[in-house]
Amino acid sequence: MHMLRASSDAAEVLDAAISNAAATTFDRLTRGLNRTETAVSVSHALDSLHGSIRRLETPEYAEALVALFYSVWYQPFQTNLAYSLIFQAIEEREAQLSSKRRLDIVDFGSGTLASGAGLALAVLEAQARGVPVPGITVALVEPSDAMTRTGPDIWGSFLAANGHDVRVDLVACATEGHLGTVSISLQRVEDVCDIEMAPDSDRWLVAMHTYYGASKEGIKRDLARIGEVFEPEIGLFTCHYDNVAGVCDVSPFAGPAMHMPIPPLRMAGELPRVTQWRRRLAEELGLSDDPRLTRPTEWDPERGYRDNRAALFYSD
């Protein structure tokens, strides 16, 4: 079994997984469209994604092309962020995890599985450092079918490229990977009551960039229900700095948040294959003047450190 030697290995393999998944999905979604129709569809998706997020509004995540372009722009930073934060949490809770049969996680707003990829990276690093990690189950809570379908291809391709046994069931929205002695099972749930929990598990609630002001009441209601049923021991939330107060308001934890800036990220620089795919697409569609396609995709963009914050919550 091949294990990643360093974060540079992880970056290279994930770059390939994201770009390959994007190319395959894009070909499928635009089959039968002429060049002009394709360019219009792409521009519409970019308008929704970049314009909405800049206004802190919810993009049209139900649209397949919006989900695809999320994966080749925002996803790398989100994966890198999840990797760093989850590994930090694993280190801090080493004593608890070593005495538990399992780690159960609810990934609220799981999207294209950026947190799932970050989790896999964190587990691989923990194993390399001799930090014990039990088996992991992740309940994916995500309303968008398009986002949910985009993620498993990336997650599965990344693990398979490193020689890990992985199973992807797109119909059931489920994936399972075996990373050395640690198995990670991800399963989309339609209802909070479907969340699988072990009687003796460490329970984490992860919500990365899932807060949008227009959906505040619905998010608060959903998280409160998760808090009642799942009873998480820690919460790991990330958001735009303008949304920190909103995240604290919707949190199901009784205690206050421990606010923190974005920690040092483990992967750095550009994603050359993803950037190449985006720029080639821009040229083919006559959109070479559109910076939303021609700017390089980065693991650690300046906006990541500048615009985002993390908050930790504890049940006690």
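Residues numbered from 1 in each chain as written. Predicted model: local features only at pLDDT ≥ 70, side-chain atom pairs only at ≥ 80, totals over all residues. Heavy atoms only, no water.

1. Quick look at helix α6 (residues 114-128)
Definition in use: Per the convention used, a helix needs a DSSP run of H or I reaching at least four residues, while a strand needs a run of E reaching at least two, with both numbered from the N terminus. Expected span of a helix, by definition, is 1.5 Å for each gap between consecutive residues, and there is one gap fewer than residues. Exposed residues in this analysis have more than 50% of their type's maximum accessible area, buried residues have under 20%, and partly exposed residues fall in between, with area computed by a 1.4 Å probe over protein chains only.
Spanning 15 residues, α6 covers 21 Å between terminal C-alpha atoms, matching the ideal 21 Å at 1.5 Å per step. Counting buried residues in α6 gives 13 out of 15 residues, a clear majority hidden from the surface. Positive backbone phi, at 80°, marks Gly130, one or two positions downstream of α6.

2. Focus on the pattern of salt bridges
Threshold: Salt bridge, as used here: a side-chain nitrogen of Lys or Arg that lies within 4 Å of a carboxyl oxygen of Asp or Glu.
This model, assessed by the stated rule, comprises 17 salt bridges. Between Glu91 and Arg129 there is a salt bridge whose closest N-O contact spans 3.8 Å. Placement of the pair is Glu91 in helix α4 (residues 75-92) and Arg129 in the loop between α6 and β2 (135-141), with a sequence separation of 38 residues. When its relative accessible area of 38% is taken as the criterion, Glu91 is described as partly exposed. Across the salt bridge formed by Asp249 and Lys220, the nearest N and O atoms sit 3.6 Å from each other.

3. So, the layout of surface pockets
Test applied: Every definition here rests on a 1 Å grid over the protein atoms only: cavities are sets of points where a 1.4 Å probe fits but cannot get out, pockets are open sets enclosed by protein on both sides within 12 Å along at least five of seven lines, and lining residues have some atom within 4 Å of a point. Grid points are joined across faces, edges and corners, and a volume is the space filled by probe spheres set on the points. Three categories are distinguished: nonpolar for Ala, Val, Leu, Ile, Met, Phe, Trp, Tyr, Cys and Pro, charged for Asp, Glu, Lys and Arg, and polar for the others, with Gly belonging to the last.
Each pocket or cavity is described by its volume, and for the largest pocket that value is around 1200 Å³. If you trace the largest pocket, you find 48 residues lining it, with Tyr61, His209, Thr210, Tyr211 and Tyr212 closest to the centre. Those elements giving two or more residues to the lining of the largest pocket turn out to be α2 (35-54), α4, β1 (102-108), α6, α8 (216-230), β7 (234-240) and α12 (302-307). Considering every element that reaches the lining of the largest pocket, the biggest residue donor is α8, with four residues. Broken down by class, the residue content of the lining of the largest pocket amounts to 21 nonpolar, 16 polar and 11 charged. Taken as a whole, the second largest pocket holds about 190 Å³ of empty space. Residue lining of the second largest pocket: Thr24, Thr25, Arg28, Leu29, Ala64, Ala146, Arg149, Thr150, Asp153 and Leu170, and that is the complete set. Those elements giving two or more residues to the lining of the second largest pocket turn out to be α1 (7-29) and α7 (145-161). Class assignment for the residues of the lining of the second largest pocket results in four nonpolar, three polar and three charged.

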